Amino acid sequence: MQVSDSQPADPFDIGDVEAGIEAHLAAGESIKDVVAFLVADRLSLRAQSEQMWKIIEKQRVIVSQLHEQLAKSSEEESSLRSALSIANGRVEFLEDESESQANLLQRARSNMEASEKGCQCDAGQRTTAASEECPRSP
């Protein structure tokens with residue numbers, strides 16, 4: 001029995017079993033045809049239900065995999081943040097070390113210049129400009 005816009009919906013569709021049986025019998029169908037219709041409808045609903053459960057199981061697997069990937073990503077992010085903070089500490093240490101080395105190199109150059117001029121004091125301790133004579137020079 002097909003439902004069109006002019007015909008009311010099948011009473012089976014709205015859950016009224018008695019009215020559905022009466023409607024099908026009134027339409028000239030035998031009780032055997034009504035039972036066959038109900039069995040076919042039940043099988044169709046079972047198949048739809050099985051398909052829906054398969055989809056639900058696939059979604060559960062996907063959600064589980066996403067949770068695992070999220071956990072791995074969180075662990076990886078944490079380890080990368082730790083590595084980055086360690087690397088930043090090393091970079092800062094190296095920058096400080098290179099500044100110290102540059103200062104030592106500058107002092108050494110100043111001392112060499114001072115010794116070439118005959119000054120006996122530490123060039124880093126000078127109170128006068130480098131172009132001026134050292135106050136302790138002989």
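Being a predicted model, the structure only gives us computed values, none of them experimental. (Residues numbered from 1 in each chain as written. Predicted model: local features only at pLDDT ≥ 70, side-chain atom pairs only at ≥ 80, totals over all residues. Heavy atoms only, no water.)

Each helix and strand in the protein chain was counted, giving two helices and zero strands. If you take every contact in the protein chain between residues at least 6 apart in sequence, the share linking residues at least 24 apart comes to 11%. Just so you have it, the protein chain exposes about 11,500 Å², and 55% of that area is on carbon and sulfur atoms. (Helix = DSSP H or I, 4+ residues; strand = E, 2+ residues; numbered from the N terminus. Contact = heavy atoms within 4.5 Å. Areas by Shrake-Rupley, 256 points an atom, 1.4 Å probe, with all protein chains shown as cover.)

A complete count under the given rule lists two salt bridges for this structure. Glutamate 57 is the salt-bridge partner of arginine 60, the closest N and O atoms lying 2.8 Å from each other. Remark: glutamate 57 and arginine 60 occur in helix H2 (residues 31-116); sequence separation between them is three residues, near one turn of the helix. Its relative accessible area of 47% is what places arginine 60 among the partly exposed residues. Residue class for glutamate 57 comes out partly exposed when judged on its relative accessible area of 39%. (Salt bridge = Lys/Arg side-chain N within 4 Å of Asp/Glu carboxyl O. Buried < 20%, exposed > 50% of the residue type's maximum accessible area, 1.4 Å probe, protein only.)

A separate point is a nonpolar patch on the surface. A grouping of Leu25, Ile31, Val35, Val39 and Leu43 is seen on the molecular surface, where their side chains present a nonpolar patch of about 420 Å² in accessible area. Among the elements that make up the nonpolar patch, the one with the highest residue count is H2 (four residues). With relative accessibility at 47%, the residue leucine 43 sits in the partly exposed group. (Patch = residues over 30% accessible without salt bridge, like charges linked within 9 Å, V, L, I, M, F, W, Y side chains within 5 Å.)

Turning our eyes to something else, we now look at the confidence of the model for the protein chain. Taken as a whole, the protein chain shows an average pLDDT of 75; of its residues, 64% reach a score of 70 or greater. A low-confidence stretch, residues 126-131 stays under pLDDT 50, and its non-local contacts, those more than four residues away or across chains, total six contacts. (pLDDT = per-residue confidence, 0-100.)

Before going further, it helps to spend a moment on the environment of leucine 38. The residue leucine 38 is located in helix H2 in this model. Distance from leucine 38 to glycine 20, taken between C-alpha atoms, is 9.9 Å for residues 18 residues apart in sequence.

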